[in-house]
Amino acid sequence: MNATRTVLPAYMGLKIESLSSILFNHAYLSSLTLLGVAIVAVARSGTLDYSLKLANVAGFIKWLILIGEKEPVIAQRVRVVQACRRGSLWTPFALAATIRKLGMGVILLQYEYSMLGSPLLSHFLLVLLLLLLKILRVKTVVTLHGVLTPTTLGFRRIPRMFLYLLVKAFYSILTHAADRLVVLNGMQLRLLASLIPDAESKVNVIPHGAVLPEELPATPRLRSGGYRIFFHGFLRPSKGIDLLLGALGILREMGFNVELRMLCSLPYMFLEKKSERESVVTMLKRIRNVEGASVSLGFFDDREIISEALSSDAIVLPYTDRYYESSGVLHKVMGCGKPIIVTPIPRFLSDLDPWTDCAVASPDPHSIAATVIKLMRDEDLSRRLALAARRKAEKRRWERVSKEYAMVLLKLAEQAKPS
């Protein structure tokens, strides 16, 4: 009786057809939960953050399976298991063995370019993994956190046409090997469709989830006077850190009392490549030699990141990569009610409309500095951009992302029913 009293109020006022539809969906979600759904991600990556947020609101996910170096991961509602390291030909076999041991029937694979190793190796290993899961009769939903282009592979001496055919072949195999594909925005879908026109029938677009400060809750921190700009991201050259430091120097030379607060994380490549470690040390030395800049290095939870964003006047993300992705950092801060400055790259302009939801600066220090000055002097523009980004974040709560994944799984369950 207690369960009945808890459930019925949520259905009051619904038509009989809607009630039967909800009960039908709940029945299949229950069966999926019994079948077993696991989510797979890479340690120290954006896919791990995405997976934890999704798993914490999606009651049908039972396990989080990690790839990469062993380290503690705090998950609220799912159990965590470390499967294997990256970059080995045995990685797909170790993953498949873990999935079989756990008795999982459905896998939500959060795939990024370097998930299983270097980009070229990773894509080969993904195909091998999907074939192994086919043999084990495990359903797979692959979320593409980025869609590959010939440029992304980075082989400058190989003819572009050959790289294009290689990428096209990969997505053709992926489309047939996976049970469903998920992309995070329309720009990714259009790129995928340009490579494989038939792929659209197998793809769902589920926009990246956004965090709102009141959900944590997070509050602003004490700060000194002056105009504060905030940056968060991996400590890598592709995040435009040199551009941001250059812009800060220009602003302070012009007499503006501007501070830069940075929260930077270490990429998983930091533990694997000497060049990554040397790059991090070099950038840290430069940041600490720039007047008005402060940096903290580590792995920060959402409360810390959003508290710093709330304590700032503007958020600047001057990334320079050209990947067709959706930015997890952007979706952490876009609900903070602060104007956001981005560079005109796919990972930002696929989710925000320039000068409607965000300010846009060319990837050079002078342009970034000029855009900061524009926001400092035009408070109405700052408020409009901040409000527009906040409204977009409100429509992208993680509960909505969970429901859309649930509908994908329901469709898979329906297709698996005997005719």
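Residue indices follow the written sequence of each chain, beginning from 1 at its first position. pLDDT decides what is reported in this predicted model: residues at 70 or higher carry local features, side-chain atom pairs at 80 or more are listed and counted, and totals for whole chains, interfaces and linings draw on all residues regardless. Side-chain calculation: all heavy atoms of the structure are included, whereas hydrogens and water are not.

### Some remarks on the overall build of the protein
(1) Moving on: Numbering of helices and strands starts at the N terminus; helices are DSSP runs of H or I of at least 4 residues and strands are runs of E of at least 2. A count of helical and extended segments in the protein gives 16 helices and 15 strands.
(2) Moving on: A burial count over the protein gives 54% of its 419 residues as buried.
(3) Moving on: Intrachain contacts of the protein at a sequence separation of at least 6 include 72% that bridge at least 24 residues.
(4) Moving on: Surface summary for the protein: the accessible area is close to 19,600 Å², and the carbon and sulfur share equals 57%. When a residue's accessible area, from a 1.4 Å probe over protein chains only, is under 20% of the maximum for its type it is buried; when over 50% it is exposed; and in between it is partly exposed. Pairs of residues are marked as contacts when any of their non-hydrogen atoms sit within 4.5 Å. To measure how exposed things are, a 1.4 Å probe is used in the Shrake-Rupley method; for residues, cover is taken only from the protein chains shown.

### Notes on the sheet that holds strand β15 (residues 359–360)
(1) Moving on: Strands are treated as partners if at least two bridges between them are detected by DSSP. Reading across the sheet, the six strands line up as β11-β10-β9-β12-β14-β15 and stay open at both edges, with parallel pairing between neighbours. Each edge of the sheet is formed by a strand with only one pairing partner; in this case those strands are β11 (293–297) and β15.
(2) Moving on: Here strand β12 (residues 314–317) pairs with strand β14 (residues 340–342) via three bridges, running parallel. Bridged to I315 within β14 is I340.
(3) Moving on: Helix α11 (residues 302–310) rests against β9 (227–234), β10 (258–265) and β12 of the sheet, and its axis sits at about 155 degrees to β9. As a rule, the C-alpha atoms of each element are fitted with a line to give its axis, helices using only the stretch in contact, and angles between N-to-C directions run from 0 to 180 degrees.

### Details of the sheet that holds strand β4 (residues 106–111)
(1) Moving on: Strand order in the open sheet made by the seven strands is β3-β2-β1-β4-β5-β7-β8, with parallel pairing throughout. Edge positions in the sheet fall to β3 (79–84) and β8 (203–205), since each of these pairs with one other strand and no more. Pairs of neighbouring strands in the sheet enclose a mean axial angle of 25 degrees, with direction left out of account.
(2) Moving on: Strands β4 and β5 (139–144) of the sheet are contacted by helix α5 (residues 119–135), whose axis makes an angle of about 175 degrees with β4.

### Remarks on the pairing of β10
(1) Moving on: Among the eight residues in β10, eight count as buried, and that is most of the element.
(2) Moving on: Burial of β10 is two-sided: the residues V258, L260, M262 and C264 facing one way and the residues E259, R261, L263 and S265 facing the other way are all buried.
(3) Moving on: Note: β9 against β10, eight bridges, orientation parallel. Pairing of I229 across the sheet is with L260, part of β10.

### Quick word on helix α8 (residues 186–195)
(1) Moving on: By the burial criterion, the buried members of α8 are Q188, L189, L191, L192, A193 and L195.
(2) Moving on: Buried residues in α8 make contact with β5, β6 (146–147), α7 (160–177), β7 (180–183), β8 and β13 (324–325).

### As for the side chain of S402
(1) Moving on: Tracing the chain through its elements places S402 in helix α16 (residues 398–416).
(2) Moving on: By relative accessible area, S402 is classed as buried at 8%.
(3) Moving on: The residues touching S402, leaving out its near neighbours within four places in the chain, are L54, V57, A58 and F60.

### Brief notes about the packing of aromatic side chains
(1) Moving on: Between the rings of Phe, Tyr and Trp (Trp by its six-membered ring), a pair exists once the centres lie within 6.5 Å; its type follows the angle of the planes, with under 30 degrees stacked, over 60 edge-to-face, and the other angles tilted. The tally for this structure, following the rule as stated, stands at six aromatic pairs.
(2) Moving on: Note on F170 and Y171: the rings are 4.8 Å apart at their centroids and 70 degrees apart in plane angle, and the pair reads as edge-to-face.
(3) Moving on: F170 gets classed as buried once you look at its relative accessible area, which sits at 8%.
(4) Moving on: Since its relative accessible area comes to 1%, Y171 is described here as buried.
(5) Moving on: Taken together, the aromatic side chains of F231, Y319 and F348 make up a single cluster linked through ring pairs.
(6) Moving on: We call a charge positioned over a ring when the NZ of a Lys or the CZ of an Arg lies within 6 Å of the ring centre and within 35 degrees of the ring normal. Note that K374 overlies the ring of W355, its terminal NZ or CZ placed 5.8 Å from the centroid.

### Regarding a nonpolar patch on the surface
(1) Moving on: Patches in this entry comprise residues that are over 30% relatively accessible and not in a salt bridge; like charges within 9 Å are linked, as are nonpolar side chains (Val, Leu, Ile, Met, Phe, Trp, Tyr) within 5 Å. Between Lys or Arg on one side and Asp or Glu on the other, a salt bridge is scored when a side-chain nitrogen of the former is within 4 Å of a carboxyl oxygen of the latter. Residues L120, I158, F162 and L166 make up a contiguous nonpolar surface patch of about 330 Å² in total accessible area.
(2) Moving on: Looking at where F162 falls in the secondary structure, it is placed in helix α7.
(3) Moving on: By relative accessible area, F162 is classed as partly exposed at 47%.

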